[in-house]
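Summary of the model geometry
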Amino acid sequence: MKPFLYVRAHSVDEAAAAHAGRPTSRYLGGGTNLVDLMKLGVESPRTLIDVSALPLDAVEELPDGSVRVGATVRNSDLAAHPLVRERYPVLSQALLAGASGQLRNMATTGGNLLQRTRCPYFQDLGKPCNKRAPGTGCGARDGVHRDHAVLGQSAQCIATHPSDMAVALAALDAEVELSGPGGRRTLPAAEFHRLPGDRPDLDTEIRHGELITAVVLPPETAGLPCAYRKARDRASYAFALASVAVVLDVEDSVVREVRIAFGGLAHRPWRARLAERELTGGAPTDEAFRRAVAAELDAAEPLRDNAFKVPLARNLACDVLRRLAGRHPAS
């Protein structure tokens, strides 16, 4: 039994101050990931700061037409919210594709973004892992890596980020609101998570003491055709081998706007900027979709056992693009 201090925060400023003053502190929302890691011994915080009672549990429309989602909104509530289902169905689809109903009832918006990789080497204290214990090596590179990254990985880490929700947020051009001792700031959701580089122990761009207070869904992507598609080993309760979120606006047979984000392929949701540039302003043809997505995935560097992810992701993306463009009836 490892003792820890429990602090129940009553305000955002109180939570941020408590976190900033304790180097080994962690925020506790739904606890669906953190508590599991504590049981495994991967996480051993000396202080848990409970933020579940903070007034951050509302989904509200702002005057500019954007939708602000509080950090403690439960995943199940967010997936079912009328504003999300009507304007941003890709987000609802992604949330419903993740975990079980019981977990979605507990998991929070902020916690979903901060969840850590499910790499078995990270979760096993007997295995080398640079993310868990910097300098020990990456056991997955020469070990079991079928589920691991093919894009943006480094010699230090090939783990993937597990969130479905984060992939949809990246495609929607959402922003993450942060509050901490240094004040308030926002980050694009697509840039909130980091690639591993030589610091795989750092998952995100969040600073010590900062707290996620909300996610803001912009008016620019509201109501546009969008969809989330996920490939996994079984029909439910499994993390993505590959997934894709697409927002596509076609007018007069021309792609006016397109946003594509992949999940299951990298240390963070992978925004397909190259493919987006290739498609914008062109005709929404099968050939254009294949060419653009293939160009994006040319950067992939698969390992011995996960090369299948590249054609899997390509086929997923092209299928979603075709369906959204109206070239085939939706299933």
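Scope of this entry: the structure provided in the associated data block. Quick caveat, the model's predicted, so the values are computed rather than measured.

This next bit is on the overall build of the protein. The helix and strand inventory of the protein stands at 14 helices and 12 strands. Whereas a compact globule of 331 residues would reach a radius of gyration of roughly 20 Å, the protein reaches 20 Å, a difference of no more than 12%. Along the longest, intermediate and shortest principal axes, the C-alpha atoms of the protein span 60 × 50 × 35 Å. When the 331 residues of the protein are sorted by exposure, 53% land in the buried category. Relative to all contacts within the protein whose residues are 6 or more apart in sequence, the contacts with residues 24 or more apart total 62%. With the model as given, the accessible surface of the protein reaches about 14,600 Å², and the carbon-plus-sulfur share is 50%. Of the side-chain charges in the protein, 41 are positive and 39 negative, and the distance between the mean point of each set is 6 Å.

Let us now look at the side chain of R132. Examined against the element boundaries, R132 turns out to sit in the loop between α8 (120-123) and α9 (139-142). Polar contacts involving the side chain of R132 include one to the main-chain carbonyl oxygen of F122, which spans 2.9 Å. A polar contact is formed between the side chain of R132 and the backbone oxygen of D124, at a distance of 2.8 Å. Those residues in contact with R132 that lie beyond four places of it in its chain are V42, Y121, F122, D124, L125 and K127.

With that settled, consider the nonpolar core. L78, L91, L113, L169 and L217 are the most contacted members of the largest nonpolar core, which totals 52 residues. It is helix α10 (residues 165-171) that contributes the most residues to this core, seven residues altogether. Residues contacting L113, with those up to four places away along its chain left out, are H161, M165, A166, L169, V176, F192, H193, I212 and V215. Grouped together as the second largest cluster of nonpolar side chains are 31 residues, F262, A300, A313 and L316 included.

This paragraph deals with the sheet that holds strand β7 (residues 183-188). As summarised here, the arrangement of the five strands in space is β4-β5-β8-β6-β7, forming an open sheet in which the pairing is antiparallel. Edge positions in the sheet fall to β4 (59-61) and β7, since each of these pairs with one other strand and no more. For this sheet, the mean inter-axis angle between neighbouring strands, taken without regard to orientation, is 25 degrees. Relative to β7, strand β6 (residues 175-180) runs antiparallel, the two sharing six bridges. Bridge assignment links S179 to a residue of β7, and that residue is R184.

Glancing now at helix α1 (residues 12-20). Inspection of α1 places V12, A15, A16, A18 and H19 among the buried residues, and these make up the whole buried set. Seen end-on, α1 carries its buried residues on one side only, within an arc spanning 165 degrees. Summarising the geometry of α1, the exposed residues directed more than 90 degrees from the buried face are D13 and A17. The inward-facing, buried residues of α1 abut β2 (25-28), β3 (47-50), β6 and β8 (211-217).

What follows deals with the packing of helix α13 (residues 286-297) against helix α14 (residues 309-324). Running from amino to carboxyl end, α13 crosses α14 at an angle of 145 degrees, the nearest separation of the two axes being 9 Å. When you trace α13 past α14, the crossing you get is right-handed. Contact residues: α13 offers D286, F289, R290, V293 and L297, while α14 offers V310, A313, R314, A317, C318, L321 and R322. When its residues are assigned to classes, the contact of α13 with α14 shows eight nonpolar, no polar and four charged.

The subject of this paragraph is the pairing of β3. Along β3, one buried face is formed by T47 and I49 and the opposite face, lined by L48 and D50, is buried too. Strand direction decides the pairing type here: strand β1 (residues 5-8) and β3, joined by four bridges, are parallel. Within β3, the residue paired with R8 across the bridge is D50. Both β2 and β3 contribute to a ladder of four bridges, which runs parallel. When the sheet's bridge partners are listed, Y27 is paired in β3 with I49. Assessed by its sense of winding, the connection that carries the chain from β2 through helix α2 (residues 34-40) to β3 is right-handed.

Below, the discussion takes up the pattern of salt bridges. Inspection of every chain in the model, using the stated rule, returns 27 salt bridges. With its nearest N and O atoms 3.0 Å apart, the salt bridge here joins E43 to R26. Of this pair, E43 sits in the loop between α2 and β3 while R26 sits in strand β2, and the two are 17 residues apart along the sequence. Looking at R26, the relative accessible area reads 31%, which means it is partly exposed. The partner of R199 in a salt bridge is D201, and the shortest N-O contact between them spans 2.7 Å. The partly exposed category is assigned to R199, whose relative accessible area is 39%. If you follow the salt bridges from partner to partner, you end up with R26, E43, R116, K131 and D203 in one network.

About the cut-offs
- Just so you know, the residues in each chain are numbered from 1, in the order the chain's sequence is written.
- It should be noted that, the model being predicted, local features are given only for residues of pLDDT at least 70 and side-chain atom pairs only at 80 or more, the latter also being counted only at that level, while totals for whole chains, interfaces and linings use all residues.
- Values reported for side chains reflect all heavy atoms of the structure, with hydrogen atoms and water molecules removed beforehand.
- Helix and strand assignments follow DSSP, with helices taken as H or I runs no shorter than four residues and strands as E runs no shorter than two, numbered in order from the N terminus.
- C-alpha atoms define the radius of gyration, and 2.2 Å times the number of residues to the power 0.38 defines the globule rule.
- Relative accessible area decides the class of each residue, using a 1.4 Å probe on protein chains only: under 20% of the type maximum gives buried, over 50% gives exposed, and in between gives partly exposed.
- A contact between two residues is defined here by any heavy atoms of the two lying within 4.5 Å.
- Reported accessibility uses the Shrake-Rupley method at a 1.4 Å probe radius. Residues are deemed covered only where the shown protein chains occlude them.
- Charged-residue counts in this description rest on Lys and Arg as positive and Asp and Glu as negative, His and the chain ends being excluded.
- A charge is said to be at NZ when it belongs to Lys, at CZ for Arg, at CG for Asp and at CD for Glu.
- Nitrogen and oxygen atoms within 3.5 Å of one another constitute a polar contact, given that in protein one can donate a hydrogen and the other can accept it, and given that sequence-neighbouring residues count only through two side-chain atoms.
- What is meant by a nonpolar core is a set of buried Ala, Val, Leu, Ile, Met, Phe, Trp, Tyr and Cys residues, joined one to another through side-chain atoms within 4.5 Å.
- Being paired, for any two strands, means DSSP has found at least two bridges between them.
- Note on geometry: axes are lines fitted to C-alpha atoms, helical ones only across the stretch in contact, with angles between N-to-C directions running from 0 to 180 degrees.
- Arc, as used here, means the arc of the directions from the helix axis to the C-beta atoms.
- Left-handed is the label given to a crossing in which the near helix is rotated counterclockwise from the far helix by less than a right angle, and right-handed is the label when the rotation is clockwise.
- Amino acids outside the nonpolar list (Ala, Val, Leu, Ile, Met, Phe, Trp, Tyr, Cys, Pro) and the charged list (Asp, Glu, Lys, Arg) are all regarded as polar, and Gly is one of them.
- Note on handedness: a clockwise path from strand one over the helix to strand two, with the strands aimed away from the viewer, defines a right-handed crossover.
- Only one rule defines a salt bridge in this text: a Lys or Arg side-chain nitrogen within 4 Å of an Asp or Glu carboxyl oxygen.

Remember, this is a structural readout, not a statement about activity or role.
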